[in-house]
Amino acid sequence: MTLLEGSVGVEDLVLLEPLEQGSLLKNLQQRYEHKEIYTYIGNVLISVNPYQQLPIYGPEFIAKYRDYTFYELQPHIYALANVAYQSLRDRDRDQCILITGESGAGKTEASKLVMSYVAAVCGKGEQVNSVKEQLLQSNPVLEAFGNAKTIRNNNSSRFGKYMDIEFDFKGSPLGGVITNYLLEKSRVVKQLEGERNFHIFYQLLAGAEADLLKALKLERETRCYVYLNRKVSRVDGMDDASNFKAVQSAMAVIGFSEEEIQQVLEVTALVLKLGNVELADEFQANGVSASGIRDGRGIQEIGEMMGLNSEELEKALCSRTMKTAKENVVTALNVVQAQYARDALAKNIYSRLFNWIVNRINESIKVGTGEKKKVMGVLDIYGFEILEDNSFEQFVINYCNEKLQQVFIEMTLKEEQEEYEREGIPWTKVDYSDNGVICNLIEHNQRGILAMLDEECLRPGVVSDTTFLAKLNHLFSKHTHYESKVTQNAQRQYDHTMGLSSFRICHYAGKVTYNVNGFIDKNNDLLFRDLSQVMWKARHPLLQSLFPEGDPKQASLKRPPTAGAQFKSSVAILMKNLYSKNPNYIRCIKPNEHQQRGQFSSELVAIQTRYLGLLENVRVRRAGYAYRQGYRPFLERYRLLSRSTWPRWNGGDREGVEKVVGELSLSSEELAFGKTKIFIRSPKTLFHLEERRRRLRLQQLATLIQKTYRGWRCRTHYRLMRKSQILISAWFRGNMQKKRYGKIKASSLLIQAFVRGWKARKDYRKYFRSGAALTLANFIYKSITRKFLLGLKDNLPSTNILDKTWPAAPYKCFHTANQELWQLFYRWKCKKFRDRLSLKQVENLREKLCASELFKDKKASYPQSVPIPFRGDYIGLQGNPKLQKLKGGAEGPVLVAETVKKVNRGNGKTSSRILLLTKEHVILTDTKKSQAKTVIGLDSVAGVSVTSFKDGLFSLHLNEISSVGSKGDFLLVSEHVIELLTKMYRAVLDATQKQLPVTVTEDFSVRFKESSVAVKVTQGPERGRNGKLSCKKTGSRCLDVTV
Ligand SMILES: Nc1ncnc2c1ncn2[C@@H]1O[C@H](COP(=O)(O)OP(=O)(O)OP(=O)(O)O)[C@@H](O)[C@H]1O
Ligand SMILES: [Mg+2]
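Residue positions are given per chain, counted from 1 along the sequence in the order it is written. Working convention: letters from A go to chains and numbers from 1 go to ligands, in the order in which they are written. In keeping with the model being predicted, local features are shown solely for residues with a pLDDT of at least 70 and side-chain atom pairs are shown and tallied solely at 80 or more, while totals for entire chains, interfaces and linings include all residues. As a convention, hydrogens and water are excluded, and side-chain values are obtained from all of the structure's heavy atoms.

Asks: Now, about the coordination of the magnesium ion (ligand 2): what can you tell me, with residues and values included?
Replies: Metal coordination angles in their ideal form are 109.5 degrees for the four-donor tetrahedron and 90 or 180 degrees for the six-donor octahedron. All of the protein donors around the magnesium ion (ligand 2) are Thr108 (OG1) and Ser157 (OG); their distances to the metal are 1.8 to 2.0 Å. Remark: serine 157 occurs in strand E5 (residues 156-157) and threonine 108 occurs in helix H4 (residues 107-121); sequence separation between them is 49 residues. Like threonine 108, the residue serine 157 is buried in the burial classification. Sites may look incomplete, because water is not among the atoms used; the donor set itself consists of N, O and S atoms within 2.8 Å of the metal (3.2 Å for Na, K and Ca). Only DSSP runs of H or I covering at least 4 residues are called helices, and only runs of E covering at least 2 are called strands; the numbering of each starts at the N terminus. Per-residue accessibility, obtained with a 1.4 Å probe over protein chains only, is compared with the maximum for each type, and a residue is labelled buried under 20%, exposed over 50%, and partly exposed between these values.

Asks: So what's going on with empty space enclosed by the protein? Residues and values would help.
Replies: In this approach the atoms are scanned with a rolling probe the size of a water molecule, which exposes any empty space left behind. Buried and open spaces are told apart on a 1 Å grid over the protein atoms alone, a cavity being a set of points where a 1.4 Å probe fits but cannot get out and a pocket being an open set with protein on both sides within 12 Å along at least five of seven lines. Residues with an atom within 4 Å of a point are the lining residues. Grid points are joined across faces, edges and corners, and a volume is the space filled by probe spheres set on the points. Per the stated rule, a full pass over the model turns up 3 cavities of 30 Å³ or more. Here the largest cavity defines a volume of roughly 130 Å³. Lining the largest cavity are 16 residues, and of these Thr100, Asn401, Tyr508, Arg587 and Leu612 lie nearest its centre. Of all elements in the fold, only strand E3 (95-101), helix H14 (392-423), strand E16 (582-589) and helix H23 (602-612) reach the threshold of two or more residues within the lining of the largest cavity. For the lining of the largest cavity, the leading source of residues is H14, giving 4 residues. In this classification, the charged set is Asp, Glu, Lys and Arg, the nonpolar set is Ala, Val, Leu, Ile, Met, Phe, Trp, Tyr, Cys and Pro, and all remaining amino acids, among them Gly, are polar. A breakdown of the residues in the lining of the largest cavity according to their chemical character gives 8 nonpolar, 6 polar and 2 charged. Taken as a whole, the second largest cavity spans an internal volume of roughly 70 Å³. In terms of lining residues, the second largest cavity is bounded by Met115, Val118, Ala119, Lys132, Leu135, Leu136, Ile165, Phe167 and Pro173. Of all the secondary-structure elements, those providing two or more residues to the lining of the second largest cavity are H4, helix H5 (126-146) and strand E6 (160-167).

Asks: Give me the pairing of strand E22 (residues 921-926): which residues, what numbers.
Replies: Within E22, 5 of the 6 residues are buried, which leaves it mostly tucked inside the rest of the structure. Only strands joined by at least two bridges in the DSSP assignment are considered to pair. Of the strand pairs in this sheet, strand E21 (residues 910-918) and E22 are connected by 5 bridges, and their pairing is antiparallel. Paired with leucine 917 across the bridge in E22 is valine 922. Counting the residues between successive antiparallel strands, the hairpin from E21 to E22 contains 2 residues.

Asks: Account for a positive patch on the surface, with residues named and values stated.
Replies: Patch membership requires more than 30% relative accessible area and the absence of a salt bridge. Residues of like charge join within 9 Å; the nonpolar side chains Val, Leu, Ile, Met, Phe, Trp and Tyr join within 5 Å. Throughout, the Shrake-Rupley method with a 1.4 Å probe supplies accessible areas, and for residues the shown protein chains are the sole cover considered. Should a side-chain nitrogen of Lys or Arg be within 4 Å of a carboxyl oxygen of Asp or Glu, the pair is scored as a salt bridge. Working convention for charge: Lys and Arg count positive, Asp and Glu count negative, and His plus the chain ends are omitted. Each charge is placed at NZ for Lys, CZ for Arg, CG for Asp and CD for Glu. Residues Arg756, Lys759, Arg761, Lys762 and Arg765 make up a contiguous surface patch of positive charge. Within the secondary structure, lysine 759 is located in helix H27 (residues 683-765). Relative accessible area serves as the criterion here: at 48%, lysine 759 is assigned to the partly exposed category.

Asks: Could you give an account of the nonpolar core, with specific residues and numbers?
Replies: Membership of the largest hydrophobic core comes to 186 residues, with the highest contact counts inside it found for Phe145, Met306, Ile349, Phe395, Phe503, Met535 and Ile586. Here this core gets 15 residues from one element, more than from any other, and that element is helix H13 (residues 335-365). Core analysis: the second largest hydrophobic core is formed by 31 residues, Phe855, Phe870, Leu915 and Val944 among them. By convention a nonpolar core is built from buried Ala, Val, Leu, Ile, Met, Phe, Trp, Tyr and Cys residues, the set being connected through side-chain atoms within 4.5 Å.

Asks: Provide a residue-level description of a nonpolar patch on the surface, including the pertinent values.
Replies: A contiguous nonpolar surface patch, about 300 Å² in accessible area, is contributed by Ile751, Val755 and Trp758. Residue tryptophan 758 is classed as partly exposed on the basis of its relative accessible area, which comes to 44%.

Asks: Mind laying out the environment of glycine 550, listing which residues take part and the relevant values?
Replies: Its place among the elements puts glycine 550 in the loop between helix H21 (541-546) and helix H22 (563-579). Overall, the relative accessible area of 1% leaves glycine 550 in the buried class. Between the C-alpha atoms of glycine 550 and isoleucine 37, which are 513 residues apart in sequence, the distance is 51 Å. Throughout, a residue-residue contact means that at least one pair of heavy atoms, one from each residue, lies within 4.5 Å. The residues touching glycine 550, leaving out its near neighbours within four places in the chain, are Ser532, Gln533 and Trp536.

Asks: Outline the site of ligand 1, supporting the account with residue identities and numerical values.
Replies: Here, proximity means that at least one heavy atom of the residue falls within 4 Å of the molecule or strand. Taken together, 18 residues are adjacent to ligand 1, and Ser103, Lys107, Thr108, Ser156 and Ser157 come closest. One of the side-chain nitrogen or oxygen atoms of serine 103 is found 2.6 Å away from an oxygen atom of ligand 1. For ligand 1, the accessible surface in isolation is 610 Å², of which the surrounding protein chains cover 88%. Counting residues per element, the shell around ligand 1 draws most heavily on H4, at 3 residues. Of the residues assigned to the shell around ligand 1, the class counts are 4 nonpolar, 11 polar and 3 charged. We define a polar contact as two N or O atoms separated by no more than 3.5 Å, with the added condition that, inside protein, one atom must be a possible hydrogen donor and the other a possible acceptor, whereas residues neighbouring each other in sequence contribute only through side-chain atom pairs.

What follows is the structure, encoded as structure tokens:
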């Protein structure tokens, strides 16, 4: 904030100390001398005309001010325009910029600066740029036709202008509407010393090509024209010729067609030429003075240009037709009257042309009715005027300013004070002058000065400015703001400045004395009907269209509204318009009367500051608060600055606002809480809030929105992709399965077809010739098989198991089957045989089997033993009790009982012995003795040895450790050696679970009393067939046995 530091004086008069007229002027002067032409009073901008081009405008300054808030940079018109535009765009509030000030104070320049700023910062685009161009180009056209050089301003606007620029919701311009007020048309026919007519006349003469001039029947020289002031034809620094080109191109940009431009120029030329119509005295036959046109050529040309008969025109100019109930009475006009009529026509044509131009511009820049618009109004209207001789024009102008002051008071001062009271904010009352009384004095519908004037104009009988004044004197004799010679006299005041035909009004800005002369006339603003009718008859299309009331069909006896009434109603419309908008004030001040740079006339500025009520303005500002807003909108705007109110606030609006400002730690003096609004004292604070909102929070929030949006976009995209992917895969899978199914179906059909084909072929094969052989073969094969099997049934061999005969297979092919059948039959036979066997036979056969395992193919006597059943008892043990005793204590049945020979190991002689084999013992006894000689436990038998010959010799090897074993092994001879050893083997197995080792050998040794005798068996000639054997001891330890 550069409010104080580095600034010249104070930039905001609110900070002025001490606050008085003198210091205020000094501050303005000091700043002006430092080329600081702008100063604030709060949000009101004071602009002092620099009368020089300062380097503070242009694109770089626009760029600078658009990025900063109001108080951040030096006071500038761009700052104000920026605030208004941003408020319009961002807060959706229609704006109006009221530019007021004296003539030459810089209002029009200010309005152009505002427009150029807005044009530079608002949207871009082809359409928008063309609208902007049209809006900007309306200025040179309106200035050419409505501005003129005056003694106070070389480019003085001689009309009031209010321009509504309309924007769309984005803040891009759509178009606009221009309203013009009260063109100073008297200037067309007469200008003051040192002043000029409207610029367009000079521009046309200086800038038009020779052809154009010729076509318009004009001379280049300005002095040829009576309406153009001959003394001043040029203005310093103003190039009329080039301005004319600029006007032409501006008209083209706005949308005027070639013909329209041409016609406008023709009408302009006509006005000039009308001024040159000289009227001369003439006398009618009856001696009454009349008038006529002196130079016939001029009127001829005018008639041609207008498309009128010049005589008709002359008649209209020099006579007047009065309509009475019965007839039309034509009266001739004298020279003065005729001149008046001519001038009235010229003024009317010009002012109507001006209105037409404004309407034509409006047509080009107008916005469609359907569109929702935001509006920025710029009012550039003549300021308060106090001249030497003030007439009707000054009266209405000052009335307008009085109304504007009222707007200002209503909208700032009064409204402000009332609002503080309403809101219950403590506040020191500031006295301000309420100009409602003065407005009322002028505009009151029944008792206002304007109403009185209208009444006088309409009143039948003798009416003059004097009767009008008398009426005012009568009505306002007691009015505090009204004075005249009469009221002064009544109060016995002497005032030499007050003329007899004058009245004075105490305006808010000062007292102004008005001369009533011409009031009635100017208010009537009548154009004789003859003139308007003749104009309507003109074939010139534009001219004709300017006088619609000349159309006899439309002619009405009703008077048109008076100038005063018209102005009043247009001021009322303007006021209504302004009240509906947010006002922004630019107060323009003229620093000197000489249009000189660097000159600052304190007296002149003092008067203007008084008119503008600047001091009062500062006082109210200082006492009050710069800014206020309802709690709800304030909260809506700034709640994002506090964590407690953002993003959601559920409490009341006021509490929310308190929370926000509380967190921002703003000084309590800066704030006041009203009933419905918060008040902020200095703009600094507001801009601080705005700054925080814009720079800090909005960026964050924008990022958040961006983030959320991007997230949403990606999510949506992802979902879409996912959906598509699912769809694609579903279709793909479906398609794949369909194809697979198709394949499977095709394959199944193929297989089915094959199977069916195969089955069909199989079924039908029998019908095939090629299959007949097989069928026959099968048949034959089956029948021979049947025959073979039936034959076999009848020729089965005997069921004797020893009978191994079996019929041979009749064919080779049955060989394997025949062998199988034979095997089956044999096994069946055996089974039958086995089933028939008794237990005993089974036991015998087991023994025989065991004998076969032990001796088959090992001992020569074995084959002989096979057919002979094992008897076991060969000594008649069963029937002999004597022999029974031999068994002794041995348990179980006697397995073998026979007589064996024992070979004496000592000498080789043999002796008989009875051998009994029981389940556990081998018992040897002497044949003569009935007592057992040797009892050998089967567990003591370690093995037996036999020869392979047919003999019955065997050796019984005993365990050395057993009691009988100590005597040595036994060498015995049995006639039933196979049976004996087989049964002994089985008995040992049963008793000891061990297999008895049976050794078949010819050389073995037998133990004999601690030593052993080697037994060697040889075969004798008998080969052991007789069972005899001879033993011969060949040494002490050798025994040869011959069998
Ligand atoms: N900001 C400015 N910078 C430079 N010159 C300026 C500025 N403002 C005004 N002027 C000068 O002052 C002259 C008068 O200004 P302008 O025409 O705007 O006055 P005005 O208030 O519109 O007067 P009027 O009421 O007569 O129309 C301009 O022609 C211009 O030379
Ligand atoms: Mg102006």
